[in-house]
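Remarks on the overall topology
Residues per chain, in single letters:
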Amino acid sequence: VFEPATGDNGAGGKQETLGVQYANSVQPTVEIGGETYTVKLEIVDNESSPEKGVSAAQNLVTSGVSIILGTYGSGVAIAAGKTFSDAGVPAVGITCTNPQVTLGNDFYYRICFLDPFQGTVLANYAWEQGHTKAYCLNKMGDDYSAGLVNYFSKAFEELGGKVVKEEFEQGNADFAANIATAKKNGCDVFFAPVSTEAAALIIDQADAQKIGMPLLAADTWASNVILGGAKGTDLEIVVTTFYQEGGDETFDKGVKAWIEGDSTNLANNGGNSEIAAVTAMGYDAYFVALEALKAAGSTDPAKVHEALPGVTYEGVCGKVVFGENGDAVRDVAYVKKCNNETGKWEFLAEQTV
């Protein structure tokens, strides 16, 4: 399990890991070649860092794993891809949405939709809501946020909209100037597909400055960190994501009880049992890995890699079928809005392109 537990993406990484851990608690064994194996999770912290992620990836390879799951954060996934490929160990991305994760790497697969799709979905949604001028903010050097801003901007401009773009540096905690720029330029929607840590700061400062326009973001904002920050404010926050609570009642009931039943799980989920979409995706990814092991009839990474392209699985987030470049065939995203009174997500629409 190759995930961040610290750094900018630590909150999301913990929630994604929870999905894998819960799935392991539901089904801790797997039948491989007529023999029952107990599944052991080797979990490393890639620290949300491309540089440190390579070392964490090497640690997983050295430990002798059969298949790798993760990571939350496309930049770290891209950086670690060569390590997995060189070692011949297959990896399945869970919510790393940038196209570069799998492009040119025969050993990296993924079960989520991609940013060209997600960016276009967001642009379509913004345009359909009557927005015509978007402020777009990404972190400098971050493949995920920069990619999404690029795809959103292209699609939004093709629809007839106008875009104002800015970037911020690593470690920046003051977004007051960005909010002021958006207001000064007459923007009517603020698009910032950034980490949950940066998002929490943006929410706080947008509320303080009475931003006066919706905050639009992608899957990283689909977190109870965002719900907590927005509660009690007048902000309108809309996100696209992979799963809406209520999509699978058995899963929802089970994972909530599991999270509430352990103080560490509860802390890793941000202090409550709201279901993050990345947790549901982590759950599905675990069972995809089990299907690959069963299809391979072996724990040998080479045989698991050979079997992986043919794996299909009907998960709580939809059916997983691998297509071009090892990417899952996905054509729907869920659009959700933060209810600032209840501190919960409200389903708005299933959006396609």
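Refer to the structure printed above.
All of the points below concern the structure found in this document. This structure is a prediction, so every number in the text was calculated from the model and none was measured.

Criteria and thresholds
- Residues numbered from 1 in each chain as written.
- Predicted model: local features only at pLDDT ≥ 70, side-chain atom pairs only at ≥ 80, totals over all residues.
- Heavy atoms only, no water.
- Helix = DSSP H or I, 4+ residues; strand = E, 2+ residues; numbered from the N terminus.
- Rg over C-alpha atoms; globule rule 2.2 N^0.38 Å.
- Buried < 20%, exposed > 50% of the residue type's maximum accessible area, 1.4 Å probe, protein only.
- Contact = heavy atoms within 4.5 Å.
- Areas by Shrake-Rupley, 256 points an atom, 1.4 Å probe, with all protein chains shown as cover.
- Lys, Arg positive; Asp, Glu negative; His and termini not counted.
- Charge placed at Lys NZ, Arg CZ, Asp CG, Glu CD.
- Core = buried A, V, L, I, M, F, W, Y, C linked by side-chain atoms within 4.5 Å.
- Pairing = 2+ DSSP bridges.
- Axes fitted to C-alpha atoms, helices over the stretch in contact; angles between N-to-C directions.

1. Details of the overall build of the protein
A tally of helices and strands in the protein yields 12 helices and 16 strands. Computed over its C-alpha atoms, the radius of gyration of the protein comes to 20 Å, within 12% of the 20 Å expected for a compact globule of 353 residues. The C-alpha extent of the protein, read off along each of the three principal axes, is 65 × 40 × 35 Å. A buried classification covers 57% of the 353 residues belonging to the protein. The long-range fraction of contacts in the protein, counting pairs at least 24 apart against all pairs at least 6 apart in sequence, stands at 67%. For the protein, the accessible area works out to roughly 13800 Å², and carbon and sulfur atoms hold 47% of it. The centroid of the 23 positive side-chain charges in the protein is displaced by 4 Å from the centroid of its 46 negative side-chain charges.

2. Remarks on the environment of Leu-266
The topology assignment puts Leu-266 in helix 10 (residues 263-268). The class for Leu-266 is partly exposed, based on a relative accessible area of 25%. When the C-alpha atoms of Leu-266 and Leu-18 are compared, they prove to be 9.7 Å apart, with 248 residues separating the residues in sequence. Setting aside anything within four residues of it in sequence, one finds Leu-266 in contact with Ile-259, Glu-260, Gly-271, Asn-272 and Ser-273.

3. Re unusual backbone geometry
With the exception of glycine, most residues fall at negative phi, and the peptide bonds are largely trans. Of note, the amide linkage connecting Gly-70 to Thr-71 takes the cis form, showing an omega dihedral of 15 degrees. Here Thr-71 is to be found in the loop between strand 5 (68-69) and helix 3 (74-87). For Glu-47, which is not glycine, the phi dihedral falls at a positive 60 degrees. With respect to the helices, strands and loops of the structure, Glu-47 is situated in the loop between strand 4 (44-45) and helix 2 (50-62). The exposure class assigned to Glu-47 is partly exposed, which follows from its relative accessible area of 35%. Of note, the phi angle at Lys-210 is positive, near 50 degrees, even though the residue is not glycine.

4. Structural notes on the nonpolar core
Counting residues in hydrophobic clusters, the biggest one holds 48 residues, and the most contacted among them are Leu-69, Ile-111, Tyr-243, Phe-251, Tyr-286, Leu-308 and Phe-322. For this core, the secondary-structure elements that each account for two or more residues are helix 1 (10-26), strand 2 (29-32), helix 4 (115-128), helix 9 (249-260), helix 11 (277-296) and helix 12 (301-307). Broken down by element, this core gets its largest block of residues, 13 residues, from helix 11. Not counting residues within four places of it along the chain, the set of residues in contact with Ile-111 comprises Val-92, Gly-93, Ile-94, Met-281, Asp-284, Ala-285, Val-288, Val-320, Phe-322, Ala-328 and Arg-330. Core analysis: the next-biggest nonpolar cluster, separate from the first, contains 30 residues, Trp-221, Ile-237, Cys-338 and Trp-345 among them.

5. Some remarks on the sheet that holds strand 10 (residues 189-191)
Spatial strand order, 9-8-10-11-12-15-16: 7 strands in an open sheet with mixed pairing. Of all strands in the sheet, those bounded by a partner on one side alone are strand 9 (162-168) and strand 16 (344-351). Across the sheet, the mean angle from the axis of one strand to that of its neighbour is 25 degrees, orientation sign disregarded. For strand 12 (residues 237-241) and strand 15 (residues 333-339), the ladder comprises 4 bridges, and the chain directions are antiparallel. Looking at the pairing, Val-239 lines up with Lys-336 of strand 15. With respect to the sheet, helix 4 is in contact with strand 10, strand 11 (215-217), strand 12, strand 15 and strand 16, its orientation differing from that of strand 16 by roughly 95 degrees. Of the strands in this sheet, strand 8 (133-139), strand 9 and strand 10 are in contact with helix 6 (residues 176-184), which crosses strand 8 at around 160 degrees.

These values are about where atoms sit, not about what they do.
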